[in-house]
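This is what each chain is made of:
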2 protein chains.
Amino acid sequence: MMVDETLHGLVERRLREVSQRYTSGRKAVVEVLANAGHPLSIEDIGELAPRLPRSSAYRHLVDLQQCGVVRRVAANDDYYRFELAEDITEHHHHLMCTLCGKVIDVTPTPAFERAMANYLDDLSTSNGFASIDHRLDVLGACATCRQRKLAATAGCAG
Amino acid sequence: MMVDETLHGLVERRLREVSQRYTSGRKAVVEVLANAGHPLSIEDIGELAPRLPRSSAYRHLVDLQQCGVVRRVAANDDYYRFELAEDITEHHHHLMCTLCGKVIDVTPTPAFERAMANYLDDLSTSNGFASIDHRLDVLGACATCRQRKLAATAGCAG
DNA sequence: ATTGAACTGAGACTCAGTCTCAATGTAAGA
DNA sequence: TCTTACATTGAGACTGAGTCTCAGTTCAAT
Ligand SMILES: [Mn+2]
Ligand SMILES: [Mn+2]
Ligand SMILES: [Zn+2]
Ligand SMILES: [Zn+2]
C-alpha cells in the first residue's frame, strides 16, 4: 500500500482505453508489484496478496501486460517474474542470483545507457534488424548467498 | 553435418568426465545445434533431426547442459531455445524479433565487451553482488518482418 | 562371454499457465 | 430507480512444454 496516486490514475487510464475497469483485484496486483521494488514470481504475488485467487492473478497479469502496465521477466530459473513496465517505473536492468533465484533491479548511468544503445543500434542495423529495446541481465551470486557460501567453507575448514 | 572434429572430441571428453557416453542421439543434437548457427527451439530440433524421439531430445539437452556443452536461452516468446555453450562457440548476444520469434547471434567488439564487463562489475559490486556472467538481448524487428510490414502498408495505401 | 552401468523409446506424468462457465458487479441510458 | 449490456470474478477443468519411469538395449571393461 501507500503508492503514489498518479500510478493508479495512469493504470486506470490505460485500462479504460481498452474498455476495462481498474478493479480491486487488479489494483492489488499493481500495488504488490509497485511496493516490491523488484520482479515478483506468481508465488511471491500469492504470498503478498493472499486473498487473490491464482487464476485471477494470472488473468490480471495478462490484462495488465496487454495494456502496457506490466512486463514479464525471464529469470535464470524455470519461473517467470513480473514487474511494472519501464515507462511507468524507469528503464533498468537485473542482477540475477544463480543460487537462490533472487532478482535485483539496477539502473545504469545515462552515459552508459546512451553508449550501449548507440552501439546496439549499429550492431542491429548491420544485421538488417530494427532495434526497439534491449535487456541486460547480470548473472552471479547475491550478497546473502555469498555469505552462506563463505560460512559453509569456514565450517568445513574449522 | 560437416563439423570440426575437435568439437566432437571436446563434447566426448566432457561427457566422459561424468561417466557418460557420446552416443549417436547426443551427437545428433550437438551437430544440429552446431550447424544451425543460432539458438533452436525443441520444434526446430525435431525438424532437423526427425529420427530423434522428443523425449530423448529433451533428455540429451538436459545432460548436455549439465556437462556445460549446451545452454538454454530464454527468448521473447513462450519457448526456450538451445545453443552450444559459449566456451565452445564464443561469447555473444542475441537479436530477437518480437514479431516472428527469430533469434540471431551477434558478437560485439572486444572493446565494447570489455567496457561493459567493467561497468557491470562496478554495478554489481555496489549491490553486494558477485558478477559471473551477463546476457544482453536486443528486441526488435528482423529484416524479413520489416519487409512484410512495409509490403502490408503499401498494399493498404495503393 | 559376463556383468554392471549407461542408454533408449514410449508413454505416463507434472504443474505453470490458460480457458470455460456460471455467477456477480457496474456504468450508462431510459 | 430499473434495465441492460458487458466487464469481472472464482472455481476448477484443461493444455502442453518439459520430466520421469520402466522395460529392453547397448556399451565397455574384465
Ligand atoms: Mn539499458
Ligand atoms: Mn557480452
Ligand atoms: Zn542468492
Ligand atoms: Zn521476424
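Residues numbered from 1 in each chain as written. Chains lettered and ligands numbered in written order. Predicted model: local features only at pLDDT ≥ 70, side-chain atom pairs only at ≥ 80, totals over all residues. Heavy atoms only, no water.

Quick look at the protein's contact with DNA strand C now. Taken together, 19 residues lie around DNA strand C, and B:R21, B:T23, B:R26, B:S56 and B:H60 are the ones closest in. Sugar and phosphate atoms represent 63% of those atoms of DNA strand C found within 4 Å of the protein. B:T23 is positioned with one of its side-chain polar atoms (N or O) 2.6 Å from a phosphate oxygen of DNA strand C. Listed by contribution, the elements that provide at least two residues to the surface near DNA strand C are helix 4 (54-66) of chain A together with helix 2 (24-36) and helix 4 (54-66) of chain B. (Near = heavy atom within 4 Å. Polar contact = N/O pair within 3.5 Å; in protein donor to acceptor, adjacent residues only side chain to side chain. Helix = DSSP H or I, 4+ residues; strand = E, 2+ residues; numbered from the N terminus.)

This part covers the coordination of the zinc ion (ligand 3). At 2.2 to 2.4 Å from the zinc ion (ligand 3) lie its protein donor atoms, namely A:C97 (SG), A:C100 (SG), A:C142 (SG) and A:C145 (SG). The coordination sphere of the zinc ion (ligand 3) comprises four donor atoms, whose angles at the metal cover 105 to 114°; the geometry is tetrahedral. (Donors = N, O, S within 2.8 Å, 3.2 Å for Na, K, Ca; no water. Tetrahedral: all angles 85-135°; square planar, octahedral: opposite > 155°, others 65-115°.)

Moving on, we come to the coordination of the zinc ion (ligand 4). All names here are of chain B. Of the protein atoms, only C97 (SG), C100 (SG), C142 (SG) and C145 (SG) coordinate the zinc ion (ligand 4), at distances of 2.2 to 2.4 Å. Each of the four donor atoms around the zinc ion (ligand 4) contributes to a set of angles spanning 105 to 115°, which defines the coordination as tetrahedral. Between consecutive donor residues of the zinc ion (ligand 4), the sequence gaps follow C-x2-C-x41-C-x2-C. Remark: C142 occurs in the loop between strand 5 (130-141) and helix 6 (143-157) and C100 occurs in the loop between strand 3 (93-97) and strand 4 (103-106); sequence separation between them is 42 residues.

All names here are of chain A. Per the domain assignment, the segments making up chain A are domain 1 (1-90) and domain 2 (91-158). The straight-line distance from the C-alpha centre of domain 1 to that of domain 2 is 23 Å. Every contact between the two is made by 14 residues of domain 1 and, on the other side, eleven residues of domain 2. Where domain 1 abuts domain 2, roughly 1000 Å² becomes buried across the two surfaces, and 47% of that area is made up of carbon and sulfur atoms. Interface area lost by domain 1 to domain 2 is led by N76, E86 and E90, which between them contribute 42%. (Domains from an automatic or database assignment. Contact = heavy atoms within 4.5 Å. Buried area = accessible area lost by both parts, 1.4 Å probe.)

Glancing now at the sheet that holds strand 3 (residues 93-97) of chain A. In space, the six strands of this open sheet follow the order 4(A)-3(A)-5(A)-5(B)-3(B)-4(B), with mixed pairing throughout. With partners counted over all chains shown, the strands left at the sheet margins are strand 4 (103-106) of chain A together with strand 4 of chain B, one partner each. Taking each pair of neighbouring strands and ignoring which way they run, the sheet shows an average axis angle of 25°. Pairing of strand 3 of chain B with strand 4 of chain B, which is carried by four bridges, proceeds in the antiparallel orientation. (Pairing = 2+ DSSP bridges. Axes fitted to C-alpha atoms, helices over the stretch in contact; angles between N-to-C directions.)

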